[in-house]
Amino acid sequence: MLNRKMEKLLTRCIKEHKENVYRLAYSYVKNKEDALDIVQDSIYKAMTHIGGLKDPEAVKSWFYRIVVNTALDFLRRNKKVRTMDHETIDMHVSGTEDDYTNFDLTRTMEELPEKYRSVIVLRYFEDMKIEEVAAVLGENVNTVKTRLYQALRVMRIKMDDEPSKEIKQR
């Protein structure tokens, strides 16, 4: 009976947060198909391990943690292979409109150690509170705060250095 209730809560959580969960997975792998695979694997893992969830109020952070861990596992398994989706390839083909993404931010985010990137993505891109980020990552709130401030400091330093590097190269 309790598992049935938890399954319903999980199903509702997945439906309510499907775009956010996909965006979270995509932020790690930068590929549509891989992100969809991660979401699918995460749903399967969550449904098969729903019995391990004791607190019904923690279903969202529990599921987000599964998505993050699944994405990290995927990245570890496919470390050397980096694929691009068709939209990214099309963007680089001549004749398409320029997409003015903030390349400095994207590059800086990719260079961050995983523990910092996860905190930044969950806090600013998924708009989670510090407490929610801590729950998703299974970390202490103070640890998350420290990592957040360290990550922001590293990003600021790296992004401030970029223009000076370009000037020196010219």
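Here, every reference points to the structure presented above.
Throughout what follows, the structure given in this document is the object of discussion. Each chain has its residues counted from 1, following the order in which its sequence is written. Local features are withheld for residues below a pLDDT of 70 in this predicted model, meaning they are given only at 70 or higher, and side-chain atom pairs are given and counted only at 80 or more; totals for whole chains, interfaces and linings count all residues. To obtain the side-chain values, all non-hydrogen atoms of the structure were included, while hydrogens and water were left out.

A word on the environment of E110
Consideration 1: Secondary structure elements are taken from DSSP: a helix is a run of H or I of four residues or more, a strand is a run of E of two residues or more, and numbering for both begins at the N terminus. Tracing the chain through its elements places E110 in helix α6 (residues 103-111).
Consideration 2: Residue class for E110 comes out partly exposed when judged on its relative accessible area of 33%.
Consideration 3: E110 sits 83 residues away from S27 along the chain, and the two C-alpha atoms are 9.8 Å apart. Classification of residues uses two cut-offs on accessible area relative to the type maximum, computed with a 1.4 Å probe and protein chains only: under 20% is buried, over 50% is exposed, and between them is partly exposed.

Structural notes on the environment of R147
Consideration 1: Along the chain, the position of R147 falls in helix α9 (residues 141-169).
Consideration 2: For the pair R147 and Y116, spaced 31 residues apart in sequence, the C-alpha separation works out to 5.8 Å.
Consideration 3: We call two residues contacting when some pair of their heavy atoms lies within 4.5 Å. Once residues lying within four places of it in the same chain are set aside, the contact partners of R147 are K115, Y116, V119 and E139.
Consideration 4: A distance of 3.5 Å separates the side chain of R147 from the side chain of E139, its partner in a polar contact. In protein, a polar contact means a hydrogen-donor-capable atom and an acceptor-capable atom, both N or O and within 3.5 Å, with residues adjacent in sequence counting only if both atoms are side-chain atoms; elsewhere, any N or O pair within 3.5 Å suffices.

So, the packing of aromatic side chains
Consideration 1: Two rings from Phe, Tyr or Trp (for Trp, the six-membered ring) form a pair when their centres are within 6.5 Å of each other. A pair whose planes differ by under 30 degrees is stacked, one over 60 is edge-to-face, and the rest are tilted. One pass over the full model with this rule turns up one aromatic pair.
Consideration 2: Pairing Y22 with Y26 gives two aromatic rings, centres 6.0 Å apart and planes at 35°, and the pair type is tilted. Of this pair, Y22 and Y26 both sit in helix α2 (residues 18-29), four residues apart, roughly one helical turn.
Consideration 3: By relative accessible area, Y22 is classed as partly exposed at 25%.
Consideration 4: Only Lys NZ and Arg CZ are tested; either one counts as a charge over a ring when it is within 6 Å of the ring centre and within 35 degrees of the ring normal. Between the NZ or CZ atom of K60 and the centre of the ring of Y64, over which it lies, the distance is 5.6 Å.
Consideration 5: Note that R123 overlies the ring of Y124, its terminal NZ or CZ placed 5.4 Å from the centroid.

Thoughts on the packing of helix α7 (residues 114-125) against helix α8 (residues 130-137)
Consideration 1: Close contact between α7 and α8 brings their axes to 9 Å; oriented N to C, the two are set at 135°. Classed by the angle they form, the pair α7 and α8 counts as oblique. Helix-helix and strand crossings are classified by hand; for α7 and α8 the assignment is right-handed. Here α7 contributes S118, V119, L122 and R123 to the contact with α8, which in turn contributes I130, V133, V136 and L137.
Consideration 2: In terms of residue class, the contact of α7 with α8 is made up of six nonpolar, one polar and one charged. Axes, fitted as lines to C-alpha atoms, cover a helix only where it is in contact. Angles between the N-to-C directions of the axes lie from 0 to 180 degrees. Convention used here: angles under 35 degrees read as roughly parallel, angles over 145 as roughly antiparallel, angles from 65 to 115 as roughly perpendicular, and any remaining angle as oblique. By definition, any crossing whose near helix is turned counterclockwise from its far helix by less than a right angle is left-handed, and any crossing with a clockwise turn is right-handed. Each residue is assigned to one of three groups, with Ala, Val, Leu, Ile, Met, Phe, Trp, Tyr, Cys and Pro labelled nonpolar, Asp, Glu, Lys and Arg labelled charged, and all others, Gly among them, labelled polar.

Nothing here speaks to function; it is all geometry.
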